[in-house]
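# Coordinates in review
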Amino acid sequence: MSSTQHNEAAVLAQLGFNPAHCLIDGQWSPPVSGETLPLYNPSTGQRLTSIARGTAVDIDRAVNAATHAFESVWARTPAFERGRIITDIGRRVLDHIEHLALLESLDVGKPLAQARADAVALARYCEFYGGAADKVHGDTIPYLDGYTVYGIREPHGVTGHIVPWNYPMQIIGRSVGAALAMGNTCVLKPAEDACLTALAFADICLAAGLPDGVLNVVPGTGAEAGAALSQHAGIQHISFTGSVPTGAAVQAAAAKNVVPVTLELGGKSPQLVFEDADIESALPFLVNAGIQNAGQTCSASSRLLVQRSLLNTLVPQLAERYRQLRVGPALDDLSVGPLISANQKSRVERFLKEADDLECLARGQCVDNVPTDGFYVVPALYLCEDPSHTLAQAEVFGPVQVVIPFDTEQDAIDIANGTEYGLVAAVWTQNGSRQMRLARDLKAGQVFVNNYGAGGGVELPFGGVGKSGHGREKGFEALYGFSQLKTVAVKYS
Ligand code: NAD
């Protein structure tokens, strides 16, 4: 038995439930069909374990359980009590950081340090939304004489959460955490490619005393479990993170039930580097923001817009950083792990074929003895003079960045805003007025000045414009999204 297989067995043995089960109404049980789906370890390309192949009938059971839990328990639980349970879930997540990180590394192929950071972020979401649960206050509205008018923030009811494979823990923390805090119950459909930490998180929630049916988890394919969830008439809000076509399909299905949807659909996020930038500070962010999680990050910085006068000095430094990137198995904890699946690998390789006409400035390299069946793609940095090139427009979702030269500030803005996306953007300049102008003019849900990502703060509202989606998650803002306002007008004499 190889050391990787040994690690897998030990990590899976620590699960207190069968990973081929769903969690519905507080009980672990197989899907009604009894069928399973294979889950692969991206580092080896070998089967890791099996998960439930939930279908419409399991989604239906989960929505019924969530409806009952909403009406009988969760909506009536005082906000401070909900907050106390969510905070306790966060404390228990902290107690399980290492196990959660190992699970995520094996399942997603994420280098261990990045998986640990995701587990810590999950705990932070629980702490933040646990603390916020009893701090959402309504307003009183000055109105006609003889009236008192006030607003009450009420939960939607049963919320659906369709989660991708790239950051399961972070995305579950931000959407389920906020939904629960506002008194909603949840049906969670994790991605078929990576769902172990979703199940482990649900188990932690049970241990923390979250009442039965408040969080239900039904793994399965998008076409079966995902579609069934997005069109279920018992769902009152859907939070979706993933691709543009699937997001549009989820929104269309929800529209039939006139249900609000939050969509977070990725991007082609730029970093704009001006000639007056502090290059030493910028350099690590310029590369890391593109290759973190092997580039499979919705807010990955896949475009580096560099002022032409800087090209001769900055490009060699970027190239040198690329040459130092090492790719290998997730548990080896290198800078870059494998992609999630054979499908994603072929998809990225197709994009790289389209880059044949571009100058490749540098590549990273695989470590020796990298498992031959793993889903590895070596990071690559390209020079791209044409901002309309496929590699400068499409969300590749792999460890690939393009350097796009620009001349003037207006050119930089036009190029930055010249894709169908608008998730995040960063500006590197020491000119204060330019910082303010660009913060105003860049089309993005978040703009970073002289940093990228701001450490991922759970407090910071996050979401896109254009095809990056709509609605905001994270921070206090998410609590408004996971609730609706009732206006009460009282007439007195
Ligand atoms: P996807 O959008 O198809 O899958 C995301 C989630 O949606 C998964 O849980 C999936 O099971 C579910 N799903 C799929 N079809 C569904 C349907 N018809 N109804 C309801 N739910 C459905 O993404 P993918 O196929 O895993 O990846 C393809 C591309 O999407 C990637 O290459 C990348 O460009 C993009 N992506 C973006 C993000 C992001 O964070 N924004 C995450 C994952 C993938």
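Secondary-structure assignment places T262 in strand β11 (residues 261-264). Once the C-alpha coordinates of T262 and I85 are considered, the two residues, 177 residues apart in sequence, prove to be 25 Å apart. When sequence neighbours within four positions are dropped, the list of residues in contact with T262 reads H237, I238, S239, F240, H470, G471, R472 and E473. In terms of polar contacts, T262 uses its side chain to reach the side chain of H237, at 3.4 Å.

Moving on, we get to the site of the ligand. Every one of the 26 residues lining the ligand counts as a neighbour, but V163, W165, K189, E192 and S243 are closest to it. One nitrogen or oxygen atom from the side chain of N166 is found 3.2 Å from an oxygen atom belonging to the ligand. Between the ligand and E192, the relevant distance is 2.6 Å, taken from an oxygen atom to a side-chain nitrogen or oxygen of the residue. For the ligand, whose unbound accessible area comes to 810 Å², protein coverage reaches 85%. Mapped by element, the contributors of at least two residues to the shell around the ligand are α8 (222-230), β10 (237-241), α9 (244-256) and α12 (342-353). The element contributing the most residues to the shell around the ligand is α8, with three residues. In terms of residue class, the shell around the ligand is built from 12 nonpolar, nine polar and five charged. Both of domain 1 (3-265 + 471-486) and domain 2 (270-457) provide at least three residues apiece to the shell around the ligand.

On to the environment of V400. Along the chain, the position of V400 falls in strand β18 (residues 400-406). In this structure V400 comes out as buried when scored by relative accessible area, which is 4%. Taking C-alpha positions, V400 is 6.9 Å from G295, a pair spaced 105 residues apart along the chain. With near-sequence residues (within four places) excluded, V400 lies in contact with S302, V348, L352, A380, Y382 and L391.

This part covers the nonpolar core. Counting residues in each nonpolar core, the largest one holds 67 residues, and the members touching the most others are L318, Y382, L391 and V403. Of the residues forming this core, the biggest block, seven residues, is contributed by helix α10 (residues 279-291). Excluding residues within four positions of it along the chain, L318 makes contact with L283, L286, V287, L304, L381 and V403.

Moving on, we come to the pattern of salt bridges. What the rule picks out here adds up to 25 salt bridges. A salt bridge links K135 to D134; the shortest N-O distance between them is 2.7 Å. Between R174 and E473 there is a salt bridge; the shortest N-O distance is 3.0 Å. Separated by 299 residues along the polypeptide, R174 in helix α6 (residues 168-181) and E473 in the loop between β21 (469-470) and α16 (477-481) bring together distant segments of the chain. Classification of R174 as buried rests on a relative accessible area of 5%. Taking the relative accessible area as the measure of exposure, E473 reaches 4% and is therefore buried. One network of salt bridges, in which partners are shared, links D88, R91, R92 and D95.

What counts, and where the lines are drawn
The residue numbering used here restarts from 1 in each chain and proceeds along that chain's sequence as written. Given that this is a predicted model, residues contribute local features only at a pLDDT of at least 70 and side-chain atom pairs are listed and counted only at 80 or more, while totals for whole chains, interfaces and linings are drawn from all residues. Processing note: side-chain calculations cover all non-hydrogen atoms of the structure and skip hydrogens and water entirely. Secondary structure elements are defined from DSSP: runs of H or I of at least 4 residues count as helices, runs of E of at least 2 residues count as strands, and each element is numbered from the N terminus. Contact between two residues is taken to exist if any of their heavy atoms lie within 4.5 Å; hydrogens are not considered. Within 3.5 Å is the distance limit for a polar contact, defined as a pair of N or O atoms, with the added protein rule that one can donate a hydrogen and the other accept it, and that residues adjacent in sequence qualify only through two side-chain atoms. We call a residue near a given molecule or strand whenever any one of its heavy atoms falls within 4 Å of it. All accessible areas in this document rest on Shrake-Rupley with a 1.4 Å probe, and a residue is counted as covered only by the protein chains that are shown. Under this grouping Gly is polar, as are all residues other than the nonpolar Ala, Val, Leu, Ile, Met, Phe, Trp, Tyr, Cys and Pro and the charged Asp, Glu, Lys and Arg. Note that the domain bounds reflect an automated or database-derived domain assignment. Note on classification: 1.4 Å probe, protein chains only; a residue is buried when its accessible area is under 20% of the maximum for its type, exposed when over 50%, partly exposed between these limits. In this description, a nonpolar core means a group of buried Ala, Val, Leu, Ile, Met, Phe, Trp, Tyr and Cys residues linked to one another through side-chain atoms lying within 4.5 Å. By definition, a salt bridge exists where a carboxyl oxygen of Asp or Glu is found within 4 Å of a side-chain nitrogen of Lys or Arg.

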